[in-house]
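Survey of secondary and tertiary structure
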Amino acid sequence: ITSHIYISFSSFKLGEGYEVDNHRLFGNKEKDIYMWEVMVMKHVENHGSGSSARINAKTGEIIYFSDPGFEGKDEEKSKYSKEELLKKANELIKSISPEKHKEVEYIDDENEDSIYSDNNVACFFFVRKINGVKVENDGFRIILSNATGSVPSYNYNWSDLEFESPDNIIQKDEAKE
């Protein structure tokens, strides 16, 4: 578990002084799925900050990460443009899941932009595509701070379903017949 924790939290550049506060292994024996839930804490004077992650115990993949931070950094001025943060989100996926990165596409959602910009963060969705078709609920959701460029939230979902090849699909006119 130690190497998985180190890799997971170093991907998000939390800095020094964090210690493992709590961890637990849970899973589903029938589906052969096992996850580590890990909480790390950093104490500075009378304040503490906890970050948590969920890690696939078999592969070491980071499924979920949350770092609420020490203070309300949402009051700081924005230093990063949406384009700069999108590049950071893209690089994060590429570094954590290079193979899955090849199968996703960024989806721009203007409605989400207005919701998140009020909180001085930007939210990015990268949706899985197979044979040119978007797979609903599969992909990455990353929130980045406009002020610091840090990652308060990272989440990914990836089903293990087998998808049929479109090679044998008939045309619409043929289907009508």
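Report on the accompanying structure. None of the values given here were measured: they were computed from a predicted structure.

The helix and strand inventory of the protein chain stands at 5 helices and 8 strands. The linear arrangement of helices and strands in the protein chain, starting from the amino end, is α-β-β-β-β-α-α-β-α-β-β-β-α. When the 177 residues of the protein chain are sorted by exposure, 34% land in the buried category. Accessible surface computed for the protein chain: about 12,000 Å², of which carbon and sulfur atoms make up 47%.

Across the 10 residues of strand S6 (residues 121–130), 8 count as buried, placing the element largely inside the fold. As judged from the 4 bridges shared by strand S5 (residues 104–107) and S6, these two strands associate in the antiparallel manner. When the sheet's bridge partners are listed, Ile107 is paired in S6 with Phe125. In this structure, S6 lies alongside strand S7 (residues 133–145), joined through 9 bridges in antiparallel fashion. Looking across to S7, one finds that Ile130 is bridged to Val133. Linking S6 to S7, which pair antiparallel, is a turn of 2 residues; within it Asn131 sits at a positive phi near 55°.

Below, the discussion takes up the layout of surface pockets. In this structure, the second largest pocket spans a volume of roughly 410 Å³. If you trace the second largest pocket, you find 15 residues lining it, with Ile33, Met35, Asn56, Trp158 and Asp160 closest to the centre. The set of elements that each furnish at least two residues to the lining of the second largest pocket consists of strand S2 (33–44) and strand S8 (153–157). No other element matches the 3 residues that S2 contributes to the lining of the second largest pocket. Of the residues belonging to the lining of the second largest pocket, the class tally is 6 nonpolar, 3 polar and 6 charged.

Before going further, it helps to spend a moment on the side chain of Asn146. Within the element layout of this structure, Asn146 appears in the loop between S7 and S8. Given a relative accessible area of 9%, Asn146 falls into the buried group. Contact partners of Asn146, with chain neighbours within four places excluded, come to Ser78, Lys79, Tyr80, Leu85, Asn120, Val121 and Ala122.

Glancing now at the packing of aromatic side chains. Considering all chains together, one arrives at 6 aromatic pairs under this definition. Ring geometry for Tyr106 versus Phe124: centroids 5.9 Å apart, planes at 55°, classification tilted. Here Tyr106, found in strand S5, pairs with Phe124, found in strand S6; they are 18 residues apart in sequence, far enough to count as distant. Consider the rings of Tyr156 and Trp158, whose centres lie 6.3 Å apart with planes at 45°: the pair is tilted. There is no split in this pair, since Tyr156 and Trp158 are both buried. Every member of this aromatic cluster is reached through a ring pair, and the members are Phe140, Tyr154, Tyr156 and Trp158.

Spatial strand order, S1-S2-S3-S4-S8-S7-S6-S5: 8 strands in an open sheet with antiparallel pairing. One side of each edge strand has no neighbouring strand; the edge strands of this open sheet are strand S1 (19–28) and S5. Neighbouring strand axes in the sheet, compared pairwise and without regard to direction, differ in orientation by 20° on average. Contacts from helix H2 (residues 82–96) reach strand S4 (62–66), S5, S6, S7 and S8 within the one sheet, and its direction differs from that of S6 by about 50°.

Using the criterion set out here, one finds 9 salt bridges in the structure. For Glu37, the salt bridge goes to Arg54, with nearest N and O atoms at 2.3 Å. Here Arg54 lies in strand S3 (residues 47–56) and Glu37 lies in strand S2, a separation of 17 residues in the sequence. Relative accessible area serves as the criterion here: at 23%, Glu37 is assigned to the partly exposed category. The class of Arg54 is partly exposed, set by a relative accessible area of 31%.

Definitions and limits used
Residues numbered from 1 in each chain as written. Predicted model: local features only at pLDDT ≥ 70, side-chain atom pairs only at ≥ 80, totals over all residues. Heavy atoms only, no water. Helix = DSSP H or I, 4+ residues; strand = E, 2+ residues; numbered from the N terminus. Buried < 20%, exposed > 50% of the residue type's maximum accessible area, 1.4 Å probe, protein only. Areas by Shrake-Rupley, 256 points an atom, 1.4 Å probe, with all protein chains shown as cover. Pairing = 2+ DSSP bridges. 1 Å grid on protein atoms, 1.4 Å probe; cavity = no way out; pocket = protein on both sides within 12 Å on 5 of 7 lines; lining within 4 Å. Points joined across faces, edges and corners; volume = space filled by probe spheres on them. Nonpolar A, V, L, I, M, F, W, Y, C, P; charged D, E, K, R; others polar. Contact = heavy atoms within 4.5 Å. Phe/Tyr/Trp six-rings, centres within 6.5 Å; stacked < 30°, edge-to-face > 60°. Axes fitted to C-alpha atoms, helices over the stretch in contact; angles between N-to-C directions. Salt bridge = Lys/Arg side-chain N within 4 Å of Asp/Glu carboxyl O.

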